[in-house]
Structures are given as C-alpha cells and as structure tokens.
Amino acid sequence: MIELLPACKQCPLERSSNIKKTDMAVTTDHIRDKLTKELAAVHVDVEDTSPNRCAASFKALVVSSQFEGKPLLQRHRMVNTCLAEELKEIHAFEQKTLTPEQWEKQKSQ
C-alpha cells in the first residue's frame, strides 16, 4: 500500500487557483539560469527545500563578481530584484551570496 503525504499548503500546485494558466511553475533550473544570466554568476546552486519538493521554498548559493565591494543587504537585494516575479509565486527563499574570492576561500576550508 502506498502512503500519500499530506498536501503542502504553500505548494504552487495546491494554490493553482491563484496561478494563471499562462504562468509556469518556478523550478530550480529556472532560478539557476536566471541568476547565472542576469548576475553573471560563476556558480549557482539552487535546492528545492519544500517538504514534498513542490517548488514552494528554495535555498540558493550565488557566486558573482558583481557582489564585489557590496554589503550583504545590497547583494540580497540584487538577487531579490532579479527574481522579483518568481518570489511572488513561492513561499520562502533563503540565499547565500559570495564573491568568487570568498567562494574559493570557503571551498578550501
């Protein structure tokens, strides 16, 4: 017997009445591609952290030279601006933003 998990209340599929038929579901690939293109990111990791992997919440690591000399809040605003439309459709978004130098340093630890 297969046990079905309860529906995720934040899941875009469960909120389908709020989504126009022309809207596409936000995916990890879509977020990764958009951040890579618009922020000239050299590395982007995106994980769907929703309980049922239903695209309700995501966690992202973004490495871009555009973050050089910018404080954390400004970096996060850059990511949020890039994903403004997508953030309207998801429940939660966690991000970590690094410069290439910070990324290299972190990898070596």
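Conventions adopted
- Residues numbered from 1 in each chain as written.
- Predicted model: local features only at pLDDT ≥ 70, side-chain atom pairs only at ≥ 80, totals over all residues.
- Heavy atoms only, no water.
- Helix = DSSP H or I, 4+ residues; strand = E, 2+ residues; numbered from the N terminus.
- Buried < 20%, exposed > 50% of the residue type's maximum accessible area, 1.4 Å probe, protein only.
- Contact = heavy atoms within 4.5 Å.
- Areas by Shrake-Rupley, 256 points an atom, 1.4 Å probe, with all protein chains shown as cover.
- Core = buried A, V, L, I, M, F, W, Y, C linked by side-chain atoms within 4.5 Å.
- Pairing = 2+ DSSP bridges.
- Axes fitted to C-alpha atoms, helices over the stretch in contact; angles between N-to-C directions.
- Salt bridge = Lys/Arg side-chain N within 4 Å of Asp/Glu carboxyl O.
- pLDDT = per-residue confidence, 0-100.

I keep staring at the overall build of the protein and nothing clicks. Help me out?
Looking only at helices and strands, the protein has four helices and three strands in total. Counting over 109 residues, the protein shows a buried share of 33%. Of the contacts formed within the protein by residues at least 6 apart in sequence, a portion of 56% connects residues at least 24 apart. As presented, the protein carries roughly 7,500 Å² of accessible surface, and 52% of it is formed by carbon and sulfur atoms.

Where do I start with the nonpolar core in this structure?
Counting 17 residues, the largest nonpolar core has Ile31, Leu35, Leu39, Phe58, Val62 and Val79 as the members making the most contacts within it. Only helix H1 (28-38), strand S1 (41-48), strand S2 (57-64) and helix H2 (72-82) provide two or more residues apiece to this core. Apart from the residues within four sequence positions on either side, Phe58 is in contact with Val26, Thr27, Thr28, Ile31, Val46, Glu47, Asp48, Thr49, Ile90, Ala92, Phe93 and Glu94.

Would you mind showing me how to read the side chain of Ser57 here?
Among the secondary structure elements, Ser57 is positioned in strand S2. Apart from residues no more than four positions distant in its own chain, Ser57 is found in contact with Glu47, Asp48, Thr49, Ser50 and Ala92.

For this particular structure, what's the right way to read the pairing of S2?
The buried count for S2 comes to seven of eight residues, which makes it a mostly enclosed element. Direction of pairing for S1 relative to S2: antiparallel, over a ladder of seven bridges. What sits directly across from Val44, in S2, is Val62. The pairing of S2 with strand S3 (residues 92-98) spans seven bridges and is classified as parallel. Each residue of the ladder has a partner; that of Lys59, found in S3, is Glu94.

Hey, could you run me through the sheet that holds S1 in this one?
Paired through their backbone hydrogen bonds, the strands of a sheet run either parallel or antiparallel. Here we have three strands laid out as an open sheet, ordered S1-S2-S3, and mixed in their pairing. Of all the strands in the sheet, the pair left with one neighbour each is S1 and S3. In this sheet, adjacent strand axes meet at a mean angle of 15 degrees when their direction is disregarded. Along the sheet face, helix H4 (residues 100-107) touches S1, S2 and S3 and points at about 90 degrees away from the line of S3.

I keep staring at the pattern of salt bridges and nothing clicks. Help me out?
Close approach of charged atoms allows side chains of opposite charge to pair. Applying the stated criterion across every chain yields a total of four salt bridges. With its nearest N and O atoms 3.1 Å apart, the salt bridge here joins Glu86 to Lys34. With a gap of 52 residues between them, Glu86 in helix H3 (residues 84-87) and Lys34 in helix H1 connect regions that are remote in the sequence.

I'm lost on the confidence of the model for the protein in this one. Help?
Parts of the prediction with low pLDDT should not have their coordinates interpreted in detail. Mean pLDDT for the protein: 84, with 78% of residues reaching 70 or above. Overall, residues 1-7 carries pLDDT values under 50, and its contacts beyond four positions in sequence, including any with other chains, amount to three contacts. Scored below 50 in pLDDT, residues 15-22 shows six contacts in the model against residues more than four places distant or in partner chains.

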